[in-house]
Every structure is written in structure tokens, then in C-alpha cells.
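Read off the chains here:
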Amino acid sequence: MKLAEFNTADTAAAAEALKPCIDVRRWVEAITAARPFASRAALLDFAAATASPFTAAEVEAALAHHPRIGERPTASTAEASMSRSEQSAVDPSDNGTATALAAGNVAYEEKFGRVFLIRAAGRTAPEILAALNTRLSNSPAEEDAIVAQQLREIALLRLEGVISE
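Residues numbered from 1 in each chain as written. Predicted model: local features only at pLDDT ≥ 70, side-chain atom pairs only at ≥ 80, totals over all residues. Heavy atoms only, no water.

1. Side note on the pattern of salt bridges
In plain terms, the rule: The rule for a salt bridge is simple: a side-chain nitrogen of Lys or Arg has to be within 4 Å of a carboxyl oxygen of Asp or Glu. Working definition: helices are DSSP H or I runs of at least four residues, strands are E runs of at least two. Numbering for both runs from the N terminus.
The final tally for this structure, using the stated rule, is six salt bridges. The shortest N-O distance in the salt bridge between R114 and D144 comes to 2.9 Å. Taken together, the positions of R114 in the loop between α7 (95-112) and α8 (125-135) and D144 in helix α9 (residues 140-162) put the pair 30 residues apart, joining distant regions of the chain. One salt bridge connects R119 with E153, and the closest N-O pair in it is separated by 2.7 Å. Taken as a pair, R119 in the loop between α7 and α8 and E153 in helix α9 lie far apart in primary sequence, 34 residues in all.

Okay, structure coming up:
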């Protein structure tokens, strides 16, 4: 969607364009209410500021939509399509990496009670696996901060893909 279209779309249409980026109601409502934006850069700056910080409840709600790293969502939604694209560096036919990621996902979920989240776009499978293994040594408080930051990065990258100049 072009920025001009986003700026003039009705509120519901603008919100629907934003929700696949991150389904956090406060973030979506704040951005739609702040329209029109003079430039894409102004939109991205506002979105970044609005995403910091996400509350613990917002993080939890957003994580409900994220698949495990290494598992490709099969739904035909915009969010599922974005996730498949972001995880394209994780080759499910690479049995060694797939097995290590699956084991790491289980260990992470047992320790932190949620799926492991990382901005996968631009990272290789070995980088993702290394980050997963490193983050397993974090405290819950350290991990909370990292997860919120990763969600912000994902939301902004997705927004960059959704809204063009």
C-alpha cells in the first residue's frame, strides 16, 4: 500500500494493513489515529516510538501469532506469508539444524513459557541457532527485554514492506 493510500484509507482498512506487522491494538490504533504522515520515514519513526515500550501483556498477545523458529506457518494470512519469508534462511530439509532448533525451542519454552522469538529476516540458520543457544542462559528479565526489542524490529521491518512511498 502506498503511503498516500494509507493516509486516506478509512480507519478499519488502515488498521487491517498494520495488524500483520504486529497485532498490538494500542500500536495499531495510535498509528491510524496519527495519520496523515508526511513521509514514510515519519511513519516509521512514529511506529518505532509507539512500539517502545510494549507492555508485557502486549508482548504476550503478539507472541500468540508467531510460529516457532523452523516451523513454517501454512495459513494463507498476510502475517503467515511474512513469517514464511522471514524464516526463508531456515531450511527445513537441513535435518541437523532443524533438529537443533526443535530441541532449542523446547528448552526455551520450558524455561520461559513462550515461543522463542527472533527477527529472523537477514539472519542465517546458524546465526538463529547460536542466538537461541545464547539466550537460553538469560534471566527471565533479560529475555523479556530482548523479546520486546525483537518484536519491535519485526514490526518495523514488516511495516517497511507494507507501506511504500
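So much for the structure itself; the text now carries on.
2. Some points on the packing of aromatic side chains
Selection rule: Any Phe, Tyr or Trp ring, taking Trp's six-membered ring, that has another such ring centre within 6.5 Å forms a pair; planes under 30 degrees apart are called stacked, those over 60 apart edge-to-face, and the others tilted. Between buried and exposed lies partly exposed: a residue is buried under 20% and exposed over 50% of the maximum accessible area for its type, with that area taken using a 1.4 Å probe on protein chains only. Definition used: whenever NZ (Lys) or CZ (Arg) falls within 6 Å of the ring centre and also within 35 degrees of the ring normal, the charge is taken to sit over that ring.
Summed over the entire model, instances satisfying the criterion amount to three aromatic pairs. Aromatic side chains Y108 and F112 sit 4.7 Å apart centroid to centroid with 45 degrees between the ring planes, which places their arrangement in the tilted category. Here F112 and Y108 lie together in helix α7, a separation of four residues that amounts to about one turn. Accessibility classification places Y108 together with F112 in one group, the buried group. Among the aromatic residues, those joined into a ring-pair cluster are Y108, F112 and F116. Positioned above the aromatic ring of F6, the side-chain terminus of R35 is 5.5 Å from the ring centre.

3. What about the environment of I163?
Basically, it comes down to this: Residues count as neighbours in contact if any of their non-hydrogen atoms are within 4.5 Å of one another.
Position of I163 among the secondary structure elements: in the segment after α9. Ignoring anything within four residues of it in the chain, the contact list for I163 reads M1, K2, L3, F6, R40 and L43.

Function-wise, these values are silent; they only describe arrangement.
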